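# Geometric and topological summary
Each chain, written out:
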Amino acid sequence: MIILPGPASPNLGKCLAAELDTNLVPVYFKKFPDGESYVRIDGNVENQEVVIVQTTSPPQDERLMQLFLMSSAVKHNGAKTITAVLPYFAYSRQDKIFVPGEAFSVKTVVDILETCGVNQIISINSHSPAALSSLSIPVTDHSAIPLLAKHFKKNGIEGAVSLSMGKKGLAMSKEAAAIINGECDYIETRRDRHTGYVDIKEKPLRVKNKTVIFFDDIISSGGTMAKAVAYAKRQGAKKVYAACVHPLLIDDAREKIINNGAEEIVGTDTVPSQVSVVSVAPIIAKALVGLGV
Ligand code: R5P
């Protein structure tokens, strides 16, 4: 197996190669003055099982285009198989047609990847893994929540209360609580579909004088996390931490969360950022081994 680190995930690609004790093939990348992408594989991929690591966080379209170009170049150069690792899987939220006439975006992305020679996809905490099970090539999704929980445990924050956003996120706080050895619960959130405004519904939490960690898949604008942190503080929490798998942290998201009382924000390197202190390389390595790559 050889690893190709895409321009959006150079460090994660290196960590993965080290984790698997395998070779990296460099990719030369440039952008033309008109904005078009250029990609060149600088090594031999013939008859190799190639793993391309490219996150597709913002700017999603540019990073997807780079991934399409890398995949088709690898295919053209005779790779035996191609596995695309999309630590953050752009467009996975549009996993069905909600309103007649709109695009089935994630299907379109996967269809293009298949055309470019990709045999399978690995993603981390994508929006709705079940919805990805019927696409043209297999997609396997893995959770990085246990790694985030282990990070807190390692740093002495054991026995904290793990909280998630909404009941549908409860699986995440349960996963974390099993490692942190504390209670778990969720806060009631409601997002206005039109304005995107998030509201927190009153619900008593057993957090008085306790340390709390919120676990979420994504922090984007930071609005949800900032309100959740403020709510837990109002309910008497002593210290509140914010953890997420994909720290998109658009604009002033980080400041918003800290200004609302969070001690710290912890994220993974699915999206490189100032808070990406936990690497998902071990999960991806295990997934590749499990898939027999
Ligand atoms: C919602 O389904 C997700 O789990 C996140 O809570 C949400 O995407 C966060 O968005 P934002 O940071 O913009 O509030």
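Residues numbered from 1 in each chain as written. Predicted model: local features only at pLDDT ≥ 70, side-chain atom pairs only at ≥ 80, totals over all residues. Heavy atoms only, no water.

Where helix α2 (residues 60–76) contacts helix α3 (residues 105–115), the two axes come as close as 9 Å, and the packing angle between them is 25 degrees. In this view, α2 runs roughly parallel relative to α3, as classed from their interaxial angle. From α2, Leu64, Leu67, Phe68, Ser71 and Lys75 reach across to α3, where they touch Val109, Ile112, Leu113 and Thr115. Residue composition of the contact of α2 with α3, grouped by class: six nonpolar, two polar and one charged. (Axes fitted to C-alpha atoms, helices over the stretch in contact; angles between N-to-C directions. Helix = DSSP H or I, 4+ residues; strand = E, 2+ residues; numbered from the N terminus. Parallel < 35°, antiparallel > 145°, perpendicular 65-115°, else oblique. Contact = heavy atoms within 4.5 Å. Nonpolar A, V, L, I, M, F, W, Y, C, P; charged D, E, K, R; others polar.)

Here α2 contains 17 residues, and its C-alpha end-to-end distance of 24 Å stays within 8% of the 24 Å for a straight helix at 1.5 Å per residue. Looking only at α2, the buried set comprises Arg63, Leu64, Gln66, Leu67, Phe68, Met70, Ser71, Ala73 and Val74. Buried-residue contacts for α2 involve β1 (2–5), β3 (27–31), β4 (37–41), β5 (49–53), β6 (81–86) and α3. One or two residues past the end of α2 sits glycine 78, with phi positive at roughly 85 degrees. (Expected span 1.5 Å × (residues − 1). Buried < 20%, exposed > 50% of the residue type's maximum accessible area, 1.4 Å probe, protein only.)

Taken domain by domain, the chain comprises domain 1 (2–143 + 279–290) and domain 2 (145–269). Between the C-alpha centres of domain 1 and domain 2 there is a distance of 29 Å. Here domain 1 and domain 2 share an interface that buries about 1100 Å² over both sides, 61% of which is from carbon and sulfur atoms. Broken down residue by residue, the surface that domain 1 buries against domain 2 is led by Tyr88, Asn125 and Ser143, which jointly contribute 41%. Applying the counting rule to domain 1 against domain 2 returns six residue pairs in polar contact (both at pLDDT 80 or more). Partitioning the side of domain 1 that touches domain 2 into residue classes produces seven nonpolar, four polar and one charged. (Domains from an automatic or database assignment. Buried area = accessible area lost by both parts, 1.4 Å probe. Polar contact = N/O pair within 3.5 Å; in protein donor to acceptor, adjacent residues only side chain to side chain.)

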